[in-house]
Amino acid sequence: MKKYSFPPISNTDASILILGTMPSVQSLAASQYYGNPRNAFWKIIFALYNSPFSTDYEQRKNILLENRIALWDVLEACVRPGSLDSAIEDEVPNDFNSFLKTHPNIKHIFFNGQKAAAYFKQYIKLENEYHLVTLPSTSPANAGKSFEIKLKEWSVIQPK
């Protein structure tokens, strides 16, 4: 069965784009990016921007928008039993050329994990110069790195 990703969370003034691969089963069921409570993404974002952690999805979206961060997935659709990126088949990428044209301030694109970066590089040919950085996956499947190490590596998304 084909699964579809969510629309981006973004404002036209975004300067950073964070890309995952495809929402997990739990995220799709909750209709929320990073809806698995064991995924460290939201804890990292709140920690980096010195905000009290919240499970309220509107507050989660607002912290991104307030910090000029856009959030999306590389893939628009795919076939995937379960949530592992390694099980993805028949993938269809999102339309980044249109997205980036309507978000001209984005200069930095960060990938939440190796698979997101690999799919992006496989399918997307960029018209402009962007700073591309692959970060450790925040997924609970990436248990090889502690929260503290992930937080430190993700700190590169903060403006200097």
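A brief look at the structure comes next. Bear in mind the structure is a predicted one, so any value in this text is a computation, not a measurement.

Okay, the sheet that holds strand 4 (residues 75-79) next. Taken in spatial order, the three strands make up an open sheet running 1-4-5, and their pairing is antiparallel. Both outer strands of the open sheet, strand 1 (2-4) and strand 5 (89-93), are each paired with one neighbouring strand and no more. Each adjacent strand pair in this sheet contributes to an overall mean axis angle of 15 degrees, direction not counted.

If you look at the biggest cluster of nonpolar residues, it comprises 46 residues, and the most contacted ones within it are Leu17, Ile18 and Ile157. Counting residues per element, this core draws most heavily on helix 2 (residues 41-48), at six residues. Dropping the residues within four chain positions of it, Ile18 is found in contact with Phe41, Ile45, Ile69, Ala70, Leu71, Trp72, Phe110, Trp154 and Ile157.

Relative to the elements of secondary structure, Asn94 occurs in the loop between strand 5 and helix 4 (96-101). Apart from residues lying up to four places away in sequence, Asn94 is in contact with Ser5, Trp72, Asp73, Val74, Leu75, Glu76 and Ile124.

Quick notes on the rules
Residues numbered from 1 in each chain as written. Predicted model: local features only at pLDDT ≥ 70, side-chain atom pairs only at ≥ 80, totals over all residues. Heavy atoms only, no water. Pairing = 2+ DSSP bridges. Helix = DSSP H or I, 4+ residues; strand = E, 2+ residues; numbered from the N terminus. Axes fitted to C-alpha atoms, helices over the stretch in contact; angles between N-to-C directions. Core = buried A, V, L, I, M, F, W, Y, C linked by side-chain atoms within 4.5 Å. Buried < 20%, exposed > 50% of the residue type's maximum accessible area, 1.4 Å probe, protein only. Contact = heavy atoms within 4.5 Å.

Function cannot be inferred from these measures alone, as they are strictly geometric.
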